[in-house]
Amino acid sequence: MKRLALLERKRRLAWGTATLAGAGLLAGGVAWACADSSCYPDWRLSLASYDCAGQAMLSPGNDTRVNMLWLMRSLSETAPRGPAPTPSDERQFGQTWLSWSGLRAALWPAPEAKPAEDAQPASSCQTFATAVPAFNEALAADKGVPEAERKALGQWRAKVGCGDVAWDGPSIASPAGRDYLAYLKASQAFYSSDWAGARQGFAPLARSKSRWIAETAAYMPIRIALRAAIAGAVDKYGDFAGTDKVDPASVAAAREAIATYLKAWPQGRYAASATGLLRRVAWLGGDDAGLAQTYEQMLATTPGDSEAAADLAEEIDIKLFERQNADAILDRLNNAPLLLAVADFKRMRRFDDGTASTKGGLPDGQLAAQKGQFAQHPDLYGLLEATRAFYAGDNPRGILTMLPDAARAKSFTPVAFSRQMLRGMALAKAHDPNEAGFWQELLTGASPFYQRPLVQMGLVLRWQRDGKLAQVFAPGSPITDSMTREILLQTMATPAILRGSAQDASRPAHERDIARFTLLYKDLAKGAYGDFGGDLALVPAHASAEDHLWNFSMQETIPVGLFSKGKWADGNIACGPLSQTAAALARSPVDRKAQLCLGEFYRLNGFDGFSLYRPDPKRPGLGSGPEGFPGRLLSRGELYAAVIADPKALPDERAYALYRAVMCYAPSGYNGCSASVSTNSLPPEVPKEQRKAWYNELKQRYPASTWAKSLRYYW
Amino acid sequence: MFYLLDGEVRRGGPPRLKALRMGTPHLPDQALWLVVRADRLDWNEATRAAILSDLGSWRKAGNTVIGLQVDFDAATKGIGHYAQFLRDLRRRLPQEYRLSVTGLMDWSAHGDPASLASLAGIVDEVVVQTYQGRSTIPGYEDYFRRMEHFPIPFRVALVEHGAWQAPPMLAHHPQFRGYVVFLLKPASR
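Residues numbered from 1 in each chain as written. Chains lettered and ligands numbered in written order. Predicted model: local features only at pLDDT ≥ 70, side-chain atom pairs only at ≥ 80, totals over all residues. Heavy atoms only, no water.

Q: When you look at the overall build of chain A in this model, what are you seeing that I'm missing?
A: A count of helical and extended segments in chain A gives 32 helices and one strand. Burial analysis of chain A (715 residues in total) assigns 53% to the buried set. Relative to all contacts within chain A whose residues are 6 or more apart in sequence, the contacts with residues 24 or more apart total 65%. Surface accessibility of chain A: about 30,800 Å² in total, with carbon and sulfur atoms responsible for 54%. (Helix = DSSP H or I, 4+ residues; strand = E, 2+ residues; numbered from the N terminus. Buried < 20%, exposed > 50% of the residue type's maximum accessible area, 1.4 Å probe, protein only. Contact = heavy atoms within 4.5 Å. Areas by Shrake-Rupley, 256 points an atom, 1.4 Å probe, with all protein chains shown as cover.)

Q: Explain the overall build of chain B here, please?
A: Broken down by element type, chain B carries five helices and 10 strands. Here chain B, with 189 residues, has 59% of them falling under the buried criterion. Long-range contacts, defined here as pairs at least 24 residues apart, represent 71% of the contacts in chain B between residues at least 6 apart. Surface exposure of chain B reaches about 7,100 Å², of which carbon and sulfur atoms provide 51%.

Q: Before we go on, may I ask you to explain unusual backbone geometry in this structure?
A: Note: most peptide bonds trans; most residues except glycine with negative phi. Residues and elements named next belong to chain A. The phi dihedral of His431 is positive, around 50 degrees, even though this residue is not glycine. As for its placement among the helices and strands, His431 is situated in the loop between helix H18 (414-429) and helix H19 (435-445). The class of His431 is exposed, set by a relative accessible area of 51%.

Q: Teacher, can you tell me more about the state of the cysteines here?
A: Here, the word disulfide means a covalent bond between the sulfur atoms of two cysteines. All names here are of chain A. This structure, assessed with the given rule, holds two disulfides over all chains. Sulfur-sulfur distance for the disulfide between Cys575 and Cys597 comes to 2.0 Å. Every disulfide takes its handedness from the sign of the S-S torsion; for Cys575 and Cys597 that torsion is -90 degrees, giving left-handed. Taken together, the positions of Cys575 in the loop between helix H26 (562-565) and helix H27 (578-587) and Cys597 in helix H28 (residues 592-604) put the pair 22 residues apart, joining distant regions of the chain. (Disulfide = S-S within 2.5 Å.)

Q: Looking at this model, I keep getting lost on the environment of Met68(A). Mind explaining?
A: Residues and elements named next belong to chain A. Following the sequence through the fold, Met68 ends up in helix H2 (residues 64-75). Through-space distance from the C-alpha of Met68 to that of Leu58 is 8.7 Å; in sequence the pair is 10 residues apart. Excluding residues that lie within four positions of it along the chain, Met68 makes contacts with Leu299, Ala313, Ile316, Asp317, Phe321 and Val342.

Q: Help me understand the pattern of salt bridges, please; the structure alone is not making it clear to me.
A: Counting across every chain of the model gives 50 salt bridges over all chains. Between Arg619(A) and Asp42(A) there is a salt bridge, with the nearest N and O atoms lying 2.4 Å from each other. Taken together, the residues span a long stretch of sequence, with Arg619(A) in the loop between H28 and helix H29 (636-645) and Asp42(A) in the loop between strand S1 (25-27) and H2 at a distance of 577 residues. Note on Arg619(A): relative accessible area 10%, which makes it buried. Between Arg408(A) and Glu441(A) there is a salt bridge, with the nearest N and O atoms lying 3.5 Å from each other. Of this pair, Arg408(A) sits in the loop between helix H17 (396-402) and H18 while Glu441(A) sits in helix H19, and the two are 33 residues apart along the sequence. Residue classification places Glu441(A) among the partly exposed positions, given a relative accessible area of 29%. Among the charged side chains, a network of salt bridges with common partners joins Glu45(B), Arg48(B), Asp88(B), Arg91(B) and Arg92(B). (Salt bridge = Lys/Arg side-chain N within 4 Å of Asp/Glu carboxyl O.)

Q: Quick question: what am I supposed to make of the environment of Lys522(A) here?
A: Residue and element names in this part refer to chain A. Structurally, Lys522 is set in helix H24 (residues 509-525). Sequence separation between Lys522 and Pro630 is 108 residues; the distance between their C-alpha atoms is 9.1 Å. Ignoring anything within four residues of it in the chain, the contact list for Lys522 reads Gln490, Thr491, Gly527, Ala528, Leu612, Glu627 and Phe629. Within polar-contact distance, the side chain of Lys522 engages the side chain of Glu627 at 3.1 Å. (Polar contact = N/O pair within 3.5 Å; in protein donor to acceptor, adjacent residues only side chain to side chain.)

Q: I keep staring at the packing of H29(A) against helix H30 (residues 651-663) of chain A and nothing clicks. Help me out?
A: All names here are of chain A. At a closest axis distance of 9 Å, the pairing of H29 and H30 adopts a crossing angle of 145 degrees. Here H29 and H30 pass one another in a crossing that is left-handed. In contact with Arg636, Tyr640, Val643 and Ile644 of H29, H30 contributes Glu653, Arg654, Ala657, Leu658, Arg660 and Ala661. (Axes fitted to C-alpha atoms, helices over the stretch in contact; angles between N-to-C directions. Left-handed = near helix turned anticlockwise from the far one by under 90°.)

Q: What should I look at first to understand the confidence of the model for chain A in this one?
A: Low pLDDT marks stretches whose predicted atomic positions should not be read closely. Within chain A, residue pLDDT values average 87, and 90% of them lie at 70 or more. Within the model, pLDDT remains below 50 along residues 113-123 of chain A, and this stretch shows 16 contacts once partners closer than five positions in the same chain are excluded. (pLDDT = per-residue confidence, 0-100.)

Q: Looking at this structure, how should I read the packing of aromatic side chains?
A: The description of an aromatic ring pair uses the distance of the two centres, along with the angle that the planes make with each other. Residues and elements named next belong to chain A. Per the stated rule, a full pass over the model turns up 44 aromatic pairs over all chains. A cation over a ring is seen here: Lys319 above Trp283, with NZ or CZ 4.3 Å from the ring centre. Over the ring of Tyr665 we find Arg691; its NZ or CZ atom is 4.0 Å from the centre of that ring. (Phe/Tyr/Trp six-rings, centres within 6.5 Å; stacked < 30°, edge-to-face > 60°. Lys NZ or Arg CZ within 6 Å of the ring centre and 35° of its normal.)

Q: What is the right way to read the pairing of strand S1 (residues 2-9) of chain B from this model?
A: Two faces, one strand: in a regular strand the side chains alternate between the faces of the sheet. All names here are of chain B. Within S1, eight of the eight residues are buried, which leaves the element mostly enclosed by the surrounding structure. Pairing of S1 with strand S3 (residues 31-38), which is carried by seven bridges, proceeds in the parallel orientation. Counted as the bridge partner of Glu8 is Arg37 from S3. (Pairing = 2+ DSSP bridges.)

Q: Looking at this structure, I do not really get H30(A). What am I missing?
A: Helical periodicity: at 3.6 residues per turn, an α-helix aligns residues three or four positions apart in one direction. Residue and element names in this part refer to chain A. The end-to-end C-alpha distance of H30, which contains 13 residues, comes to 18 Å, matching closely the 18 Å that a straight helix rising 1.5 Å per residue would cover. Across the 13 residues of H30, 10 count as buried, placing the element largely inside the fold. Listed in full, the buried residues belonging to H30 are Glu653, Arg654, Ala655, Tyr656, Ala657, Leu658, Tyr659, Arg660, Ala661 and Val662. Where the residues of H30 are buried, they touch H28, H29, helix H31 (688-701) and helix H32 (706-710). (Expected span 1.5 Å × (residues − 1).)

Q: I'm lost on the nonpolar core in this one. Help?
A: The nonpolar side chains of soluble globular proteins are, as a tendency, buried together. Membership of the largest hydrophobic core comes to 188 residues, with the highest contact counts inside it found for Leu103(A), Leu339(A), Phe517(A), Tyr521(A), Phe563(A) and Phe607(A). Broken down by element, the residue count for this core peaks at 14 residues, all from helix H8 (residues 211-231) of chain A. Those residues in contact with Phe607(A) that sit more than four places away from it in its chain are Phe517(A), Tyr521(A), Leu549(A), Leu562(A), Phe563(A), Phe601(A) and Tyr602(A). By size, the runner-up hydrophobic cluster in this structure holds 48 residues, among which are Leu41(B), Met147(B), Met169(B) and Leu170(B). (Core = buried A, V, L, I, M, F, W, Y, C linked by side-chain atoms within 4.5 Å.)

The following block contains the structure:
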């Protein structure tokens, strides 16, 4: 998101000439905005500001839900995990970064959906998925209901909750059958928001001979009251208007109904649900302290390996942390260390300039004042203190004292792992000579599930700083994470590393393709034309040549085949295979025809706007070191400029270069011919005057050329 | 005109409509599209019944409901299956409701609008998304150049604060119906 800030500021919605006839809005539609591919992590360890890409250690920048889950997974036994799968829509995260939805899916993958089966009986549309089968099961087991009545009742059940029910069919005469019918009518009243009707309908059924009806009828007053409580708390969009709009009498009725139900059915089938709804009562009734205490207790007791942990994290996030007054609520509690820890991490967030990004931040002394509450969680408290010190810019040596070396442990809970990661980060900050050794020790016990790749990044960053990039790609290197290696291949790798990686059969095909593509692209764009022919032999015969490059490093398929079997010409000028063009340029780098043909290759194969991975220069991280591939990228536009500047170029060549140079800006006025444009900056542009001059020169000097005749505008 | 998200059909478990709106909107001065975002296409009778029920209650509440918009990211799943799904949905949707779909520009490996054009006769409009998440997809000018003969009425969805300069073809495109602006809520997690 932040990567586009510059582009956004500069080009804020220029509407052009089109009308705004149907401008509308998609309200509420941004709930998933962070689970998408617009989120690109900065590949570095410190995570001070909120980021859509989270990490395996508890950090200020993590999504609060991620931090909550890491806490729960630190407080309970969890099964060992293998490497996290990389979701196809979040390829850029590799196995180092995670989104909340990605983490959820990695821990609790949803079973593959089966194709729709419309043969199955239709079920009610508004009720919970389990409600209809439960009714049908009770009905089937009830010997007091005659078969014909059972059938009719089952059919009505399927319609309840979906608009009007006609109740047409046989009359229900059996006493048992009547109870089921009364139950359905009360349910229909409930789904039709007829609270009084529903209450009156269910009340006598609490004494039904059917145990299931009796119990369900005793439970329903809770649901009715809760629905009634919020019925008036809806704004014109149908969204919740806030707890201050809730009906307090209904909330009180719900609280009472829960107590009544649990007293009558302490072990009942709805006991867990009723107990859980106490949180909803607390929330709607404004009992913030009670709600927070319940959450604290649940954080401490919910097993981190159960999906309930994820549900809980989501609920706490919505019901507590997203509230404006969350800090005030938490600061009034005197025994809620886990919630406090999550809140403290959030309060430690800082903008790039170092200022606190949350209201008030975490003032000096606040953490110290909380110490008493953390008596049972000294490691967590130590982590909080050290994290505060790290992001406040304190002396890293002090952090090393707070977090003793435990890198050789066999495994790490998320809290234990976070402490060691932060120790490593402090070693880095202190330029400690033992930093690399520390990361290597930590690698052994770190889990492959998001932890190990993060440690690898720590080690690579150190090697990168020490100019030891070759060690990453040496045989037996501890750096196994593919995305980490792919970033280095695209940024800092030397031609020799690229060639070695392209041929390294022990590495995944995608990584080798990245090496091949980068090598061949840089051979051309950086003028190593003489190497191109030999390097082309690294392209496998079956390599893909799909012209799809706009999101290059995220793609499943890297189209290395473009270099061996791409499009060379489209009838404008005659160009042979790229290998011939490169060979001509190797003989003479100022061969104007060959330069134009190289331009044709870029143009016809989707290289406009193409970029290899490039780290944000303002946020240095993985790959930010000096480029190992010598030379400067020459863009398509620069090729044309070179031809135009050459008075000895043939008239046809110059005319075509002028035409193409103008067309680089068609039709948007942006430069479409720049080399390796990254999304965080605008491509360089020549002034409009220059484009006009090209246009005029083409028209005046080469009026008879095809290009002058076909060009009608400049942009 | 508003496009209002009603619910989602999410991955995992049976395909049910997860309601995202606590109540029924009351926007008598606006024409409404009821939007359902889908991660999956294996909808069953119950899924459709829930959507129809919501369409009905929105109308009953005094709203002008134009129809249903399906917001499905077909990028990774291919469009063939999706067309079949939409044909079936159109057949089951009462005639009084129109059917709209969102189309991400990268709907096929080549980002080719021709694949979208195969939905002509099935859907009443396509809202072409020019963004993913919070950013405008680079290279959209190219995509619109290839939309010159697009046969279905379409709107162009822009992201709030995104980069956008209207491609000149839009102004005179016979099927272009205007813009939809996707509003962003500041991140607060």
